[in-house]
Amino acid sequence: MERILVSACLLGSRVRYDGGAKTSDDELLARWREEGRLVPFCPEVQGGLPVPRPPAEIEGGAGGAAVLEGAARIRTPAGDDVTDAFLLGARRALAAATSAGARLAILKEGSPSCGSLRIYDGTFGGRTTPGQGVTAALLERGGIRVFGEDRIPDAAAYLAHLLTARGGRRW
């Protein structure tokens, strides 16, 4: 069975920085969950950050690749450097996906860990900028396709491609 790494907050786990969840009501996600296809994961919690925790953003909106390369840091509004926890969580997410055989992930858009197309700009002003979070960037470097929760139909098309390519069941 093709497995899918998914942000735990999208499945109702209260792991976000504010102690909440961002539960998705997407029908495909619900079907995949019933099939046992999903691998829930929160890189920030698995990296050792508490719930709740202060929000964090990548300095200058530089993106996850810059963090992976050591060219940018992740900080809280008070200036605390939480980069190491984000990097550890990203490495653990890649290990979990690899262990499960996942070749795609559905992650929470906008997060400094999970954003796939946009992240916050590092000013804590609520503005976003194009870019990826640290976990999304590392997963893609590891050959895992990443989709935001607003692109589940695209993830479904990619899953269908993977299943067809190996002669598997469409869903």
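Residues numbered from 1 in each chain as written. Predicted model: local features only at pLDDT ≥ 70, side-chain atom pairs only at ≥ 80, totals over all residues. Heavy atoms only, no water.

Under the annotation held in an unreviewed UniProt entry, the protein carries the name DUF523 domain-containing protein and is attributed to Sphaerimonospora cavernae.

### A short note on the pairing of strand β2 (residues 38-41)
Where strand β1 (residues 4-7) lies against β2, four bridges are found, and the strand directions are parallel. If you follow Leu5 over to β2, its bridge partner there is Val39. Each parallel crossover has a hand, and the one from β1 via helix α1 (residues 27-34) to β2 is right-handed. (Pairing = 2+ DSSP bridges. Helix = DSSP H or I, 4+ residues; strand = E, 2+ residues; numbered from the N terminus. Right-handed = clockwise from strand over helix to strand, strands pointing away.)

### Describing the packing of helix α4 (residues 83-100) against helix α5 (residues 134-141)
Closest axis-to-axis distance for the α4/α5 pair is 9 Å, and the angle between their directions is 40°. Relative to α5, the element α4 lies oblique. As for the relative orientation of α4 and α5, their crossing is right-handed in sense. Here α4 contributes Phe86, Leu87, Gly89, Ala90, Arg91, Ala93, Leu94 and Ala97 to the contact with α5, which in turn contributes Val134, Thr135, Leu138 and Leu139. Counted by class, the contact of α4 with α5 contains nine nonpolar, two polar and one charged residues. (Axes fitted to C-alpha atoms, helices over the stretch in contact; angles between N-to-C directions. Parallel < 35°, antiparallel > 145°, perpendicular 65-115°, else oblique. Left-handed = near helix turned anticlockwise from the far one by under 90°. Contact = heavy atoms within 4.5 Å. Nonpolar A, V, L, I, M, F, W, Y, C, P; charged D, E, K, R; others polar.)

### Examining α4
Taking 1.5 Å per residue as the helical rise, α4 with its 18 residues ought to reach 26 Å, and the 26 Å between its terminal C-alpha atoms agrees with that figure. Of the positions making up α4, those classed as buried are Thr83, Ala85, Phe86, Leu87, Gly89, Ala90, Ala93, Ala96 and Ala97. As for α4, its buried residues are in contact with β1, β2, α2 (43-46), α3 (64-68), β4 (74-75) and α5. Immediately beyond the C-terminal end of α4, within one or two residues, lies Gly101, with a positive phi of roughly 80°. (Expected span 1.5 Å × (residues − 1). Buried < 20%, exposed > 50% of the residue type's maximum accessible area, 1.4 Å probe, protein only.)

### Some details on the layout of surface pockets
Computed from the structure, the largest pocket encloses a volume of approximately 560 Å³. Lining the largest pocket we find 31 residues, and of these Arg16, Tyr17, Glu44, Ser111 and Pro112 sit closest to its centre. For the lining of the largest pocket, the elements supplying multiple residues, two or more each, are α2 and β6 (118-120). (1 Å grid on protein atoms, 1.4 Å probe; cavity = no way out; pocket = protein on both sides within 12 Å on 5 of 7 lines; lining within 4 Å. Points joined across faces, edges and corners; volume = space filled by probe spheres on them.)

### Some points on helix α6 (residues 152-165)
Taking 1.5 Å of rise per residue, the 14 residues of α6 would be expected to cover 20 Å, and the 20 Å separating its terminal C-alpha atoms lies within 8% of that figure. If you check which residues of α6 are buried, you get Ile152, Ala155, Ala156, Tyr158, Leu159, Ala160, Leu162 and Leu163. In this structure, the buried residues of α6 make contact with β1, α1, β5 (104-107) and β8 (145-148).

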